[in-house]
Amino acid sequence: MNSLLPAVVIIFLTILIYQGALFVYRKFRRIYTAPIILSTVTIIVLLLLFGFSYDTYMLGGKWIDYLLGPAVVALAFPLYQYRDLLKRMLLPILAGTSVGAFIGVTSGLLLSKWSGFSELIIHSIVPKSVTTPVAMSIAESSGGVMPLAAVFVMIAGIGGVLIHPVVMHYARLTHPLGKGVGMGSASHAIGTATSMERDPLEGSVSTIAMVLSAVIVSVLAPGLTLLLM
């Protein structure tokens, strides 16, 4: 009972902060005003400003986290809408996601190795491009740190949302299928949410790429880590 009131307050404030971030994004429509970025930064600043620990925040945050799983089911609706097209394009989507997963693993591994990071950091950064639960599991099984892996996943997701307009512009990537594969395989759920907001077809492809990428990286990461370390 003692933790119930703080949990309710935290849940309410989190929703309020996100709604405020959403209002700002709808008004200015800039990539750096994306709700996931603004709300995350706002919560971090408030925790630091008022001296609250992460564990204190998670009294309420864990309930929001629990609801993320059921919320993902909503992504099935656009998949159903575009099911015929997605079936026809499954092979290109699979090929693109496989390439994206391979580059995501090798780039993180080699760049962190060349930068002189410890093996602990390297094992934690390798699965950065897949959704958090999968990344944490891969990191734990390979000798990394689960909370650190979660941080790298957030960096990859938010980083992808920030820089993808520039990357896609110079890569001349305009088709929703190509954009969806890129976002889903590089920026997981955060990128998928951005794609879904922009175009339901792009978001549907990104959803498939996100799921496929989690499976492919789970298979590739251990072998590539042993080969390239």
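The coordinates are above.
Residues numbered from 1 in each chain as written. Predicted model: local features only at pLDDT ≥ 70, side-chain atom pairs only at ≥ 80, totals over all residues. Heavy atoms only, no water.

### With respect to the nonpolar core
Working step 1: Judged by nonpolar contacts, the single largest core of 13 residues is most densely connected at Val105, Val126, Val217 and Ala221.
Working step 2: Breaking this core down by element, the ones donating at least two residues are α6 (90-114), α8 (132-142) and α11 (200-228).
Working step 3: A per-element tally of this core places α11 first, with four residues.
Working step 4: Excluding anything up to four places from it in sequence, Val217 contacts Ala101, Val105, Pro127, Val130, Ile138 and Pro222.
Working step 5: Within the second largest apolar cluster, seven residues are counted, among which are Ile93, Leu177, Leu201 and Val205. (Core = buried A, V, L, I, M, F, W, Y, C linked by side-chain atoms within 4.5 Å. Buried < 20%, exposed > 50% of the residue type's maximum accessible area, 1.4 Å probe, protein only. Helix = DSSP H or I, 4+ residues; strand = E, 2+ residues; numbered from the N terminus. Contact = heavy atoms within 4.5 Å.)

### Considerations on the pattern of salt bridges
Working step 1: Tallied over the full model, the rule gives one salt bridge.
Working step 2: The partner of Glu202 in a salt bridge is Arg198, with the nearest N and O atoms 2.4 Å apart.
Working step 3: The exposure class of Glu202 is buried, given its relative accessible area of 2%. (Salt bridge = Lys/Arg side-chain N within 4 Å of Asp/Glu carboxyl O.)

### Focus on unusual backbone geometry
Working step 1: In this structure, Arg172 takes a positive phi of about 55 degrees despite not being glycine.
Working step 2: Locating Arg172 in the fold gives a position in the loop between α9 (146-170) and α10 (176-198).
Working step 3: What makes Arg172 exposed here is its relative accessible area of 73%.
Working step 4: In the Ramachandran plot, His188 falls in the positive-phi region, its phi being about 40 degrees despite a non-glycine side chain.
Working step 5: For His188, the position within the fold is in helix α10.
Working step 6: In this structure His188 comes out as buried when scored by relative accessible area, which is 3%.

### With respect to the packing of α8 against α9
Working step 1: One way to put it is that α8 packs onto α9 with a least axis distance of 8 Å and a crossing angle of 135 degrees. Taken together, the axes of α8 and α9 lie oblique to each other. The chirality of how α8 crosses α9 is right-handed. Along its contact with α8, which presents Thr132, Ala135, Met136, Ala139 and Glu140, the element α9 presents Met146, Ala149, Ala150 and Val153.
Working step 2: A class-by-class count of the residues in the contact of α8 with α9 yields seven nonpolar, one polar and one charged. (Axes fitted to C-alpha atoms, helices over the stretch in contact; angles between N-to-C directions. Parallel < 35°, antiparallel > 145°, perpendicular 65-115°, else oblique. Left-handed = near helix turned anticlockwise from the far one by under 90°. Nonpolar A, V, L, I, M, F, W, Y, C, P; charged D, E, K, R; others polar.)

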